[in-house]
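Structural features, examined
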Amino acid sequence: MKQRPELLAPAGNLEKLKMAIHYGADAVYIGGQQFGLRSRAGNFSYDEMREGVAFAHARSAKVYVAANMVTHEGDIEGAGDFFRTLRDIGIDAVIVSDPAMIETCLSEAEGLPVHLSTQASATNYETLRFWKEEGLERVVLAREVSMDEIVQMKQEVDVEIETFVHGAMCISYSGRCTLSNHMTLRDANRGGCAQSCRWKYGFFEEGDLLTEEMEARDEEPFSMSSVDLSMVRHIPDLVDAGVDSLKVEGRMKSIHYVATVCNVYRQVIDAYCEDPENFEFDPAWEEEIWKAAQRELASGFYYGIPTEKEQLFGKPRSIPQYAFAARVISYDEASGMATLEQRNLFSIGEEVEFFGPGFVRFSQVIETIEDVDGQPLQSANQAMMTIRVKVDEPVATDFIMRKRKGVPARILV
Amino acid sequence: MMMIQLVTTAQSVEQAEALIKAGTDRLYIGSSRFGLRQKGDWTIDAVREVTQLAHRYGKEVTVAVNNLMHNEHIQELPDYLQALKAIGVDDVTAGDPGAIRLIRQAKIPYWYDAQTLVTSSKQIQFWAKREAIGAVVAREVTLEELVLIQQQIGLPVEVQVYGPTCIHHSKRPLVTNYFNELGRPSEEAKQREFYMSEPADASSRYPIYEDENGTHIFSEDLTLMAQLPTLVKHGLHTWKLDGWHAGEQFVEIVQLFTIARANLLNGQFDRIEMEHRLRELQPEAFRLGTGLLLRKPEEIK
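A few points on the structure. (Residues numbered from 1 in each chain as written. Chains lettered and ligands numbered in written order. Predicted model: local features only at pLDDT ≥ 70, side-chain atom pairs only at ≥ 80, totals over all residues.)

All names here are of chain A. What you see with strand β13 (residues 337-342) is a clean split: A338, L340 and Q342 sit on the buried side and M337, T339 and E341 on the side with no burial. The pairing of strand β12 (residues 322-332) with β13 spans six bridges and is classified as antiparallel. Paired with A326 across the strands is Q342, a residue of β13. Relative to strand β20 (residues 386-390), β13 is paired through five bridges, and the arrangement is antiparallel. (Buried ≥ 20, exposed ≤ 12 C-beta atoms within 10 Å, placed from the backbone. Helix = DSSP H or I, 4+ residues; strand = E, 2+ residues; numbered from the N terminus. Pairing = 2+ DSSP bridges.)

Quick look at unusual backbone geometry now. Backbone geometry at D398 of chain A places phi at a positive 75°, although glycine is not the residue there. Structurally, the position occupied by D398 of chain A is in the loop between β20 and β21 (400-404). A positive phi is found at K107 of chain B, a non-glycine position, where the angle reads about 55°. Its location among the elements puts K107 of chain B in the loop between α4 (97-105) and β5 (110-112). Note on K107 of chain B: 9 C-beta atoms within 10 Å, which makes it exposed.

Residue and element names in this part refer to chain A. Spatially, eight strands are ordered β16-β15-β21-β12-β13-β20-β17-β18 in an open sheet, and the strand pairing comes out antiparallel. Both edges of this open sheet fall to β16 (360-365) and β18 (376-377), since each of them pairs with a single strand only. By the bridge criterion, two bridges tie strand β17 (residues 369-371) to β18 in an arrangement that is antiparallel. Residue pairing in the sheet places E370 in a bridge with P376 of β18.

Without other data, these values stay purely geometric and don't point to any function.
This is how it looks when you write it as structure tokens:
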């Protein structure tokens, strides 16, 4: 038996929060209406936070709020009230990068634990020691830190360490890129990042317009777009290094993503921690992870400095995309019928997959669809409509039905 | 008595002396091991030599210790700081909280410089309570905000009045990676500076280069020559000039700002003439601009 690290998942809204916890997250992080970095992610009102905290705490899960804006003059107004309200709602910690915000939280909302955001680029043990002495409970490391460096940090300082294990990543040190500010007047450190790193740039040399030559040779323009991070194959190293929390990126991502990724990491963490000696990596875990992938995947800086293979040049390799087709509302064992809430069009004859917590999964060809009155339908074509389908294996509430995108329905007859 | 301090980069002991004669009050130097984007081979011996030189002239030396430090840097840092202290450098810049912890233990004064993350008076006050003697404010902070920040704090706030600023720092070797992708010899990647242009503006030029700390992208060359009276009026008295691209013209550019300072103090400042003279000295390859400095704070979302 090994001490299990926390699995920390993103939750862009209440439904995602519940699904993340249902699919195995030990904790979720959300955004409030202010002070966050994801102005476009669904952010939580105080009432939604209360509901989320009640749901999570009833299941021994935690809720953190990201308040990692790098504030300019005046932005910090109201932060004391904000932090006090979060504390009183029962939020378990806030994730902050700005020293002024940290100070405000520690002095004005005593009792609310503070985690240092990755935005502050903590890259060494002395920095961890500094923040521990200031009263922080946890430090989220910069994505540039290697596995060996984490091992050393854990030996040097007794403070909780959280690291990213999955999701999209900045190609710069987080917080140290203002391309978006200069090129689009959108402040990357206040939630406005235009993802300028992923653009295609001209590239010159010594005053010569290399771009023209490049275009003539049909060469690739310059770009700085990183593939996504996945440490699914390396969970044992992270556990052995003593990492306290494994973080999944993606407050803007879909329910399908959150459920799939949590489900897989839950399996891997449990399998390793329960019996480290006999642990074997199951290729099905990786196969499942690819179903929620939007870009190619790699292990970031954990085992070395990423090369060109870990950047996206040219046309992206096509990764099969899966869509969230329906959520299971209930299941009738006697009839083998599942009642579903539709999320994406699906039709008779289509091959879909059902999956649920505990890494239950099976594929299914849709043979019948009926509406609530038992009338047969050819397809489920209305958002959020309730329908019933026959399933070959048992399912349960909050199982997800996914379908491969762009594959035409296979007609049975 | 109004004291305006000119802080300038320096690439060699020889250039440092010329810069002091041109009006520099404080030399800003460093190694790329512990500092960010330093030109020149600032070994400990060179730092000693330039510090003795500066002190003979009654001038100061600031050493950049503002790199993002990994464990290996932190392990070496105490020895480096002891060497700087023995030399008697006046102060350092630093933004990594771990480095700041060691700098305070070594009892060396420091300017808080976490680059893009220094954006408010309350942040600076946080570090002032932890013995910072001043702050280098992010170049993304507008002049209007700089004035507000300086009003709130008793410490000097450094404003960049000339030269480029870094707008992207990646630990990855992005030029090497690109050359590898193209199949070009990757040894070239670290030997030269290259330029990027953004898709919407083919005439834009963002210098990009690689060193042991990764990849750095610069803005256009900033200038606040025309706004110097505003700086003086609002007590923004620490003026930084970065000579990264200015080459041999840099000493003359510093001299021009020295003249501008003198003229401001005796009421003779002629903005149009000063801007004209700066444009004449500016290397043709680099556009002079004001970046985000003259934007209204509310324009930046």
